[in-house]
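Summary of the model geometry
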Amino acid sequence: MQGFGCKIVAYDPFKNPAIEAAGIPYLTVDEVLAQADVLSLHVPLLPATKHMINSDAITKLKPGCTVLNVSR
């Protein structure tokens, strides 16, 4: 998405130095939800990730945000 001129932000409990080296800042989950025009999820289905996008998360999304679950 950087190639299209999009501002990219990320959240991951396990930060990848290559992501930071590419100039992509890591934010908190709430910050990502509030800023994203497109929220792209790349997470495995685990007990910790099941229902991560729930009614609470949806209320924190920026109006008009598109959610893409590319993991499942």
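Relevant structure appears above.
Below: a short report on this structure.

About the criteria used
Numbering of residues starts from 1 in each chain and follows the order in which that chain's sequence is written. The predicted nature of this model means local features are confined to residues of pLDDT at least 70 and side-chain atom pairs, given and counted, to a pLDDT of 80 or more, with totals for whole chains, interfaces and linings taken over all residues. Just so you know, side-chain values use all the structure's heavy atoms and leave hydrogens and water out. Note on definitions: salt bridges are taken to be side-chain nitrogens of Lys or Arg within 4 Å of carboxyl oxygens of Asp or Glu. Secondary structure elements follow DSSP: runs of H or I of four or more residues count as helices, runs of E of two or more count as strands, with numbering from the N terminus. The rule is simple: take the accessible area with a 1.4 Å probe, protein chains only, and divide by the maximum for that residue type; under 20% is buried, over 50% is exposed, in between is partly exposed.

A look at the pattern of salt bridges
Within this structure, the stated rule accounts for 3 salt bridges. Between K60 and D56 there is a salt bridge whose closest N-O contact spans 3.3 Å. You can see K60 and its partner D56 sitting in helix 3 (residues 55-60), 4 residues apart, about one turn around the helix. For D56, a relative accessible area of 43% puts it in the partly exposed group. Several salt bridges converge on common partners, so that one network encompasses D30, D56 and K60.

Any link to function would need more than the numbers given here.
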